[in-house]
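Summary of the model geometry
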Amino acid sequence: MSDSAERIPTVMSALRSPRMLKTEVLAGLVVALALIPEAIAFSIIAGVDPRVGLFASFTMAVSIAFLGGRPAMISAATGAIALVIAPVAKQYGLDYFIATVILAGVFQVIFGVLGVAKLMRFIPRSVMVGFVNALAILIFTSQFPALIGVPWLVYPLVAVGLLIMVLLPRITSVVPAPLVAIVLLTVAAVVFALNVPNVGGEGELPSSLPALLIPDVPFNLETLSIIAPYALAMAIVGLLESLLTAKLVDDVTDTHSNKTRESWGQGAANVISGFFGGMGGCAMVGQTMINVKASGARTRISTFLAGVFLLILVVGLGDIVALIPMAALAAVMIMVAIGTMDWHSISPKTLRRMPKSETAVMVATVVVTVATHNLAYGVVVDVVTAMVLFARRVAHLTEVVDVAHPDEDTRVYAVKGELFFASSNDLVYQFDYTGDPRHVVIDLSGAHVWDASTVATLDAITTKYEAKGKRAEIVGLDAVSAQRHVRLTGQLSGGH
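As the structure is a computational prediction, the values presented were derived from the model and not from experiment.

1. Concerning the overall build of the protein chain
For the protein chain, the helix and strand inventory stands at 21 helices and six strands. Dimensions of the protein chain along its principal axes, counting C-alpha atoms only, are 100 × 60 × 50 Å. Looking at the 496 residues of the protein chain, the share that counts as buried comes to 52%. Just so you have it, the protein chain exposes about 22600 Å², and 66% of that area is on carbon and sulfur atoms. Taken as two groups, the 32 positive and 34 negative side-chain charges of the protein chain have centres that lie 7 Å from each other.

2. What to know about the environment of Gly 316
Tracing the backbone shows Gly 316 in helix α13 (residues 300-316). Spatially, the C-alpha atom of Gly 316 lies 8.7 Å from that of Ser 208, the residues being 108 residues apart in sequence.

3. Here's the deal with the pattern of salt bridges
In this structure the tally under the stated criterion is eight salt bridges. A salt bridge links Arg 411 to Asp 436; its shortest N-O distance comes to 2.3 Å. Taken together, the residues span a long stretch of sequence, with Arg 411 in strand β4 (residues 410-419) and Asp 436 in the loop between α19 (421-424) and β5 (439-449) at a distance of 25 residues. By relative accessible area, Asp 436 is classed as buried at 3%. Each member of the salt-bridge network shares a partner with another, and the members are Arg 70, Asp 250 and Lys 259.

4. Section: the packing of helix α3 (residues 18-46) against helix α12 (residues 285-294)
The contact between α3 and α12 brings their axes to 9 Å, and the two run at 160°. The orientation of α3 relative to α12 falls into the category roughly antiparallel. By crossing handedness, the relation of α3 to α12 is classed as right-handed. Between α3, through Ala 27, Gly 28, Val 30, Val 31, Ala 34, Leu 35 and Glu 38, and α12, the contact on the second element is made entirely by Gln 287, Ile 290 and Asn 291.

5. A few points about the packing of aromatic side chains
With the rule as written, the count across this model stands at eight aromatic pairs. An aromatic cluster is built from Tyr 413, Phe 431, Tyr 433 and Tyr 465, whose rings are joined through pairwise contacts.

6. Considering the pairing of β5
Taken across its eleven residues, β5 has eight buried, putting it largely inside the fold. Pairing of β4 with β5 involves nine bridges; the strand directions are parallel. Looking at the pairing, Gly 417 lines up with Ala 447 of β5. Where β5 lies against strand β6 (residues 471-475), five bridges are found, and the strand directions are parallel.

7. Some points on the packing of helix α7 (residues 125-141) against helix α15 (residues 326-340)
One way to put it is that α7 packs onto α15 with a least axis distance of 8 Å and a crossing angle of 165°. It follows from the interaxial angle that α7 and α15 lie roughly antiparallel. Crossing angle aside, the handedness with which α7 passes α15 is left-handed. Contacts from Val 132, Leu 135, Ala 136, Ile 139 and Phe 140 in α7 reach Met 333, Ile 334, Val 336, Ala 337 and Thr 340 in α15. Across the contact of α7 with α15, the residue classes tally to nine nonpolar, one polar and no charged.

8. Description of the nonpolar core
Ile 36, Phe 97, Ile 123 and Met 279 are the most contacted members of the largest nonpolar core, which totals 111 residues. For Ile 36, the contacting residues outside a window of four places in its chain are Leu 54, Val 199, Leu 205, Leu 310, Leu 313, Val 314 and Val 321. Within the second largest apolar cluster, 18 residues are counted, among which are Tyr 413, Ala 447, Val 449 and Leu 458.

9. Some words on the pairing of strand β3 (residues 399-404)
Summarising the sheet, β3 and β4 pair through five bridges and their orientation is antiparallel. Directly across from Val 401, in β4, lies its bridge partner Ala 414. Hairpin remark: β3 followed by β4, antiparallel, with five residues in the connecting loop.

Quick notes on the rules
Residues numbered from 1 in each chain as written. Predicted model: local features only at pLDDT ≥ 70, side-chain atom pairs only at ≥ 80, totals over all residues. Heavy atoms only, no water. Helix = DSSP H or I, 4+ residues; strand = E, 2+ residues; numbered from the N terminus. Buried < 20%, exposed > 50% of the residue type's maximum accessible area, 1.4 Å probe, protein only. Areas by Shrake-Rupley, 256 points an atom, 1.4 Å probe, with all protein chains shown as cover. Lys, Arg positive; Asp, Glu negative; His and termini not counted. Charge placed at Lys NZ, Arg CZ, Asp CG, Glu CD. Salt bridge = Lys/Arg side-chain N within 4 Å of Asp/Glu carboxyl O. Axes fitted to C-alpha atoms, helices over the stretch in contact; angles between N-to-C directions. Parallel < 35°, antiparallel > 145°, perpendicular 65-115°, else oblique. Left-handed = near helix turned anticlockwise from the far one by under 90°. Contact = heavy atoms within 4.5 Å. Phe/Tyr/Trp six-rings, centres within 6.5 Å; stacked < 30°, edge-to-face > 60°. Pairing = 2+ DSSP bridges. Nonpolar A, V, L, I, M, F, W, Y, C, P; charged D, E, K, R; others polar. Core = buried A, V, L, I, M, F, W, Y, C linked by side-chain atoms within 4.5 Å.

As structure tokens, this is what we get:
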């Protein structure tokens, strides 16, 4: 870890620094404005009232600010979660929907306590790069509804918004460029009475605070059988997206996060969200990039204030927020998409240097994710693909060499490489059972035995020699391999 990775800005340091505090406050405000139309849109996807998505975004952001393991990361209602649990609302109603959210949170807490976050080490870099690039494409394409089939005035507004966000940071960084773009375009739309879609047209904003809600469902096994499959899927999708986003923020900020705390924190936030009538959620990469990359936030203050500002805006200032043109928010998200894309990874120079298998995994991650509109599907499919390709590559690095003939009755083979199910299956065919002398020594000092499949293969080799009236002796095993061999040899029926 680098020195900079050890100096994580704290809440207290931000409170003592007017400059840092201003950055955190303004970042929270920008994120809150961006959250409103998305929360409404995700509510529609889930088939529930807009209040459910808005209250989820408020409770998730405020809760995760205290409970999460990644400072400055934004959690709220998301499209992936909405897609996973939408069938519950459609088939069984809102109460079962809320119960599903609460159970998903419980599952996430359990996963967090069990240390599931440690599995992140098995996600290769090519999948992470594919995840980032797919995310950039999804963020960009998610703006199409605000850009297609709309009045022509939308396009110059978007263009002006993009220009503001490109040029303003070159002049000053006192105020976040996205906030300036939103304010100026809103003023222009109101002053000139421009007939363009606005936030108010996306759905009714709530007029009251969220209240405690206990879902009215029977507490029995039948209810559990209905909601458990959806809750488990939501828990896995939410954790996967949140942990990948946390890793992305770690890289952007050169700081380290507590993935285990983030796992159970997401679960606790979903439980809280459910009991306040929210649809739950997970980390939002687009809004997190607005917070961290576009606005420069680094602490939990921005996350907390994003939730607080969201509630103030929709409940107290709903009439004003409703006037914000969707073109302004679309411009912000387009800039986020551009900033999220790893352009270096798709440059011809990089592609020529990268191994074809890793490029294939990256492309597959993008294709699956964009095709399904679900980041979790893309990551799961392509982690498996990466592991298969890795196993295939390692399997070909195993070799058997005839190294010595101490006397006319002895022959020594040296086996080199990693021996596991993919590489050891062909091992049995590498020996001359008929032509070899009576005593064969198989030296494994240059190899490592990883699994029962390899032990079964070694048993098969010695059995074949015995069938020819010869003796095969296995030597050179390291301590771990020897222990595994002693424990399993002769115990694997039929040599399989």
